[in-house]
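# A structural walkthrough
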Amino acid sequence: MYAQMVSSTGKVVKSYEDMSPDERAFQARIDAGEKIEPKDWMPEGYRKTLIRQMGQHAHSEIVGQLPEGNWITRAPTLERKAILLAKVQDEAGHGLYLYCGAETLGVTRDDLTRDLLSGKMKYSSIFNYPTLTWADMGAVGWLVDGAAIMNQVPLQRTSYGPYSRAMIRICKEESFHQRQGFDIMMKMAYGLPAQRKMAQDALNRTWYPALMMFGPSDADSVHSAQSMAWKIKINTNDELRQKFVDQTVPQAEYLGLSIPDEHLKRDPETGHYNFTQPDWDEFFDVLSGNGPCNVERLNARNKAWDDGEWVRDGLMAHAEKKRTAKCAAESGRQS
């Protein structure tokens, strides 16, 4: 979900013979499982790919607060309100970790934010769908955060050190998010008929957008090969999607809910579920800005950016004041 349409070099993976000495030494470190740190030499394509992926990941965490924040004041109990508040707070923290990690690659947080607000940089397609009922909070936690964990656990082994280390804490918190979502779905699925119907409706609407989170099929994901050679990505899109389906179908059966796929069937030979692929035309249309909530999400982020300008200006003025005072004090001591 964090590499949806993230391009790398736009070229095929180089062979060792075609690499420069620096590139060969770099690739040897990657192949040996070493972590690349901010001050280490790295190919420009590697740096740019990481900036795009970490930036998109950070933006997804921040924009992902919007559909859930919409339900904080309407949570059915005080306990549910507190849990949802904690979850949204976690997502804000995840975004900050990732922005900090991206800054180690020589890009500023303001640069990343401006790219988001202009539409140049994307965020996960899933957040361009509306959350219509309280059951959607369950479906988002169970399916969307479940898909996120499927993406994020392998990223703990990604080759870039700051990204890898950030994912350790993020994954721990995401596991809480998934559990709270499943708990909401379980309460509704085992509740009144109207609640059960609401839970099934949320599953029906969220299932295929959740499958889209892993990005296009491997046949259409032209940049995955280079990202995997650099170990920025650890698994292919289709591998993660299959693993997600295999894990989630038994959970739905436990809830007594039906996956909205009439062709879903377990293959006894492979042990995997055969399933219907999402509508990839819809996926690319949403990424192009034509989803149900694209305009609403970007408008909200642009408003937040504009409304916060005075805070940023004040912090910069305060920092400059402290810097000037420090320089004056050091000059006085020297004289």
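Whatever comes next refers back to the structure up there.
Described in the following lines is the structure provided in the data block.

Rules used throughout
Residues numbered from 1 in each chain as written. Predicted model: local features only at pLDDT ≥ 70, side-chain atom pairs only at ≥ 80, totals over all residues. Heavy atoms only, no water. Helix = DSSP H or I, 4+ residues; strand = E, 2+ residues; numbered from the N terminus. Rg over C-alpha atoms; globule rule 2.2 N^0.38 Å. Buried < 20%, exposed > 50% of the residue type's maximum accessible area, 1.4 Å probe, protein only. Contact = heavy atoms within 4.5 Å. Areas by Shrake-Rupley, 256 points an atom, 1.4 Å probe, with all protein chains shown as cover. Lys, Arg positive; Asp, Glu negative; His and termini not counted. Charge placed at Lys NZ, Arg CZ, Asp CG, Glu CD. Patch = residues over 30% accessible without salt bridge, like charges linked within 9 Å, V, L, I, M, F, W, Y side chains within 5 Å. Salt bridge = Lys/Arg side-chain N within 4 Å of Asp/Glu carboxyl O. Core = buried A, V, L, I, M, F, W, Y, C linked by side-chain atoms within 4.5 Å. Axes fitted to C-alpha atoms, helices over the stretch in contact; angles between N-to-C directions. Nonpolar A, V, L, I, M, F, W, Y, C, P; charged D, E, K, R; others polar. Parallel < 35°, antiparallel > 145°, perpendicular 65-115°, else oblique. Left-handed = near helix turned anticlockwise from the far one by under 90°. Expected span 1.5 Å × (residues − 1). Bend = angle between axes of the 7 residues up to and from the residue. Phe/Tyr/Trp six-rings, centres within 6.5 Å; stacked < 30°, edge-to-face > 60°.

### Thoughts on the overall build of the protein
In terms of regular secondary structure, the protein is built from 13 helices and two strands. Over its C-alpha trace the protein gives a radius of gyration of 22 Å, about what one expects of a compact globule, namely 20 Å for 335 residues. The buried share among the 335 residues of the protein stands at 47%. Long-range contacts, defined here as pairs at least 24 residues apart, represent 79% of the contacts in the protein between residues at least 6 apart. Here the protein has roughly 16600 Å² of accessible surface; of this, 56% comes from carbon and sulfur atoms. A gap of 6 Å separates the mean positions of the 41 positive and 45 negative side-chain charges of the protein.

### So, unusual backbone geometry
In this structure, Lys231 is a non-glycine residue whose phi angle is positive, near 60 degrees. With respect to the helices and strands, the residue Lys231 is situated in the loop between helix H9 (224-229) and helix H10 (237-255). Overall, the relative accessible area of 30% leaves Lys231 in the partly exposed class.

### Concerning a negative patch on the surface
On the surface, Asp279, Asp281, Glu282 and Asp285 cluster together into a negatively charged patch. Tracing the backbone shows Asp279 in the loop between strand S2 (273-274) and helix H11 (280-290). The class of Asp279 is partly exposed, set by a relative accessible area of 42%.

### Topic: the environment of Ala28
With respect to the helices, strands and loops of the structure, Ala28 is situated in helix H1 (residues 21-31). Distance in space between the C-alpha atoms of Ala28 and Tyr16 is 9.5 Å, their sequence separation being twelve residues.

### Topic: the nonpolar core
By size, the foremost hydrophobic cluster in this structure holds 43 residues, and its most contacted members are Trp134, Trp142, Met185, Leu203, Trp207 and Phe244. Counting residues per element, the ones that place at least two in this core are helix H4 (78-103), helix H6 (135-155), helix H7 (161-189), helix H8 (193-212) and H10. Of the residues forming this core, the biggest block, nine residues, is contributed by H6. Setting aside chain neighbours within four positions, we find Phe244 in contact with Leu143, Gly146, Ala147, Met150, Trp207, Ala210, Leu211 and Phe214.

### Things to note about the packing of H7 against H10
With their axes 10 Å apart at the nearest point, H7 and H10 run at an angle of 35 degrees to one another. Contact with H7, carried on its side by Gln178, Phe182, Met185, Met186 and Ala189, involves Gln247, Gln251, Tyr254 and Leu255 of H10 and no other residues of that element. Residue composition of the contact of H7 with H10, grouped by class: six nonpolar, three polar and no charged.

### Considering the packing of H4 against H7
Contact geometry of H4 with H7 gives a least axis separation of 10 Å together with a crossing angle of 160 degrees. Judged on the interaxial angle alone, H7 and H4 are roughly antiparallel. Our pair here, H4 against H7, has a crossing hand that is left-handed.

### A look at the pattern of salt bridges
Using the criterion set out here, one finds 17 salt bridges in the structure. As a salt-bridge pair, Asp145 and Lys87 come within 2.6 Å of each other at their nearest N and O atoms. With Asp145 in helix H6 and Lys87 in helix H4, this pair connects stretches of sequence that are 58 residues apart. Summarising the burial analysis for this pair, Asp145 and Lys87 share the class buried. For Arg297, the salt bridge goes to Glu296, with nearest N and O atoms at 3.6 Å. Using a relative accessible area of 48% as the deciding quantity, one classes Glu296 as partly exposed.

### Points about H8
The first and last C-alpha atoms of H8 sit 30 Å apart over 20 residues, in line with the 28 Å expected at 1.5 Å per residue. The largest bend in H8 is about 35 degrees, located at Thr206, with the proline Pro209 one to four residues further on. Those residues of H8 that fall on the buried side of the exposure criterion are Ala199, Gln200, Ala202, Leu203, Thr206, Trp207, Pro209, Ala210, Leu211 and Met212. Buried residues along H8 sit against H6, H7, H10 and H11.

### With respect to the packing of aromatic side chains
All chains considered together, the criterion is met by ten aromatic pairs. When the ring of Phe26 is compared with that of Tyr46, the centres are 4.9 Å apart and the planes differ by 75 degrees; the resulting orientation is edge-to-face. Remark: Tyr46 occurs in helix H2 (residues 44-63) and Phe26 occurs in helix H1; sequence separation between them is 20 residues. Given the relative accessible area of 3%, Phe26 is considered buried. Under the relative-accessibility criterion, Tyr46 is labelled buried at 0%. With centroids separated by 6.4 Å and ring planes inclined at 65 degrees, the aromatic side chains of Trp71 and Trp134 adopt a geometry described as edge-to-face. Note that Trp71 is positioned in the loop between helix H3 (65-69) and H4 and Trp134 in the loop between helix H5 (109-118) and H6, a separation of 63 residues in sequence. Residue Trp71 is classed as buried on the basis of its relative accessible area of 8%. The structure contains a cluster of three or more aromatic residues connected by ring pairs, namely Phe26, Trp41, Tyr46 and Trp230.

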